[in-house]
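Fold and contact review
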Amino acid sequence: MEGLISLSLGLITKLLPMIPALSTPLVRDIVNTVAVATPVVISTYKDLKPIVANIIKSLKNSGNITEDDWNALIEAEKLIDEDFDKAAAAALAEDKTAKE
Amino acid sequence: MKKLLVIVAITLSLAGCQGTRFGDFIATTGNAITATENAVTPQQIYIAANAFDAVKVSATNYLKLKRCPTNAPFCRDPSVTKKLIPLIRAGTIARNNAVSWARANPNGFADVSLYEKLTSITSTIEAIMRQYNIGG
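Residues numbered from 1 in each chain as written. Chains lettered and ligands numbered in written order. Predicted model: local features only at pLDDT ≥ 70, side-chain atom pairs only at ≥ 80, totals over all residues.

1. Regarding the overall build of chain B
Of the regular secondary structure elements, chain B holds 5 helices and 2 strands. Counting from the amino terminus, chain B carries its helices and strands in the arrangement α-α-β-α-α-β-α. Per-residue burial over chain B gives 32% buried out of 136 residues. The long-range fraction of contacts in chain B, counting pairs at least 24 apart against all pairs at least 6 apart in sequence, stands at 65%. (Helix = DSSP H or I, 4+ residues; strand = E, 2+ residues; numbered from the N terminus. Buried ≥ 20, exposed ≤ 12 C-beta atoms within 10 Å, placed from the backbone. Contact = placed C-beta atoms within 7 Å.)

Pasting the structure below:
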């Protein structure tokens, strides 16, 4: 689905200059913004979906968190922590380089 | 709080029943509810850990953006980066402590400070994200 959205946005971006009425800078900016934002929104939605599902499930279970629930949470947290550590290191390195 | 006051009132009014099975039950219930006012359950910790993970994921996606200023419509403000990273690190330690406790004590009540530490860091991160329109 996300592939289809990205493909459509790419197509719109390419076709835009061919439609004079839609080739104003404002329309171009809007399309470009949507094109850049869409992958970020899709990625965030995909990342947050299992977390929200966990919360709903635990509320439905009226307090029973099983060993499997904890194990799944800890496995997911390993990936979340790794992803954060890499992003934080890259951001700090980029900021350090920009200052120099 | 209301619930607690009701239990305290019942406990006092049934003080004469102390030593009987019914009186003991009321006293024990009162103590249990007092404990839940000062302690949290593994379920509450599980939910708080997930809530923290949600803000951590959103913050991570923000950190992956290019540094401002840039031509891209979205960018990462270095001053926000400076605030977010230490908070997320502190929150990760608080989350790990709370989760470790909850796993080791599946039927127990955790000290409320474990929970409050985690939820207060989550709220602070959320406030920063709201202030700078970082969403997830």
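2. A word on the interface of chain A and chain B
Tallying the contact residues gives 29 residues for chain A and 28 residues for chain B. Counting residues per element, the ones that place at least two in the side of chain A that touches chain B are α2 (25-60) and α3 (67-99) of chain A. Looking at the side of chain A that touches chain B element by element, the count peaks at 14 residues for α3(A). Of the residues contributing to the side of chain A that touches chain B, the split by class is 15 nonpolar, 7 polar and 7 charged. (Nonpolar A, V, L, I, M, F, W, Y, C, P; charged D, E, K, R; others polar.)

3. With respect to the environment of Ala59(B)
Mapped onto the fold, Ala59(B) is located in helix α3 (residues 42-63). When the C-alpha positions of Ala59(B) and Ile134(B) are compared, they lie 7.6 Å apart, and in sequence the two are 75 residues distant.

4. Re helix α4 (residues 78-104) of chain B
Here α4(B) spans 39 Å end to end across 27 residues, near enough to the 39 Å set by a 1.5 Å rise per residue. Those residues of α4(B) that sit buried are Thr81(B), Leu84(B), Ile88(B), Gly91(B), Thr92(B), Ala94(B), Arg95(B), Ala98(B), Val99(B) and Ala102(B). Against α3 of chain A together with α3, β2 (110-111) and α5 (112-131) of chain B lie the buried residues of α4(B). (Expected span 1.5 Å × (residues − 1).)

5. Points about α3(B)
Here α3(B) spans 31 Å end to end across 22 residues, near enough to the 32 Å set by a 1.5 Å rise per residue. Counted residue by residue, α3(B) has 21 buried out of 22 residues, so it is predominantly covered.

6. Comments concerning the nonpolar core
Ile45(B), Ala48(B), Ala49(B), Ala98(B) and Leu118(B) are the most contacted members of the largest nonpolar core, which totals 34 residues. For this core, the secondary structure elements donating two or more residues are α3 of chain A together with α3, α4 and α5 of chain B. In this view, Ala98(B) contacts Ile45(B), Ala48(B), Ala49(B), Ala110(B), Leu114(B), Tyr115(B) and Leu118(B); residues no more than four positions away in its chain are not counted. (Core = buried A, V, L, I, M, F, W, Y, C linked by C-beta atoms within 7 Å.)

7. Observations regarding the confidence of the model for chain A
Looking at chain A, pLDDT values average 77 and 55% of them are 70 or higher. Within chain A, helix α1 (residues 2-15) of chain A has the poorest average pLDDT of any element, 65, and α3(A) the best, 92. (pLDDT = per-residue confidence, 0-100.)

8. Thoughts on the packing of α3(A) against α3(B)
Their axes nearest at 9 Å, the elements α3(A) and α3(B) cross at an angle of 25 degrees. Our classification of the angle between α3(A) and α3(B) gives roughly parallel. Here α3(A) runs over α3(B); the crossing is left-handed. Here α3(A) contributes Asp69(A), Leu73(A), Glu77(A), Ile80(A), Asp83(A), Phe84(A), Ala87(A), Ala88(A) and Ala91(A) to the contact with α3(B), which in turn contributes Tyr46(B), Ala49(B), Asp53(B), Lys56(B), Val57(B), Thr60(B) and Leu63(B). Tallied by class, residues from the contact of α3(A) with α3(B) come to 10 nonpolar, 1 polar and 5 charged. (Axes fitted to C-alpha atoms, helices over the stretch in contact; angles between N-to-C directions. Parallel < 35°, antiparallel > 145°, perpendicular 65-115°, else oblique. Left-handed = near helix turned anticlockwise from the far one by under 90°.)

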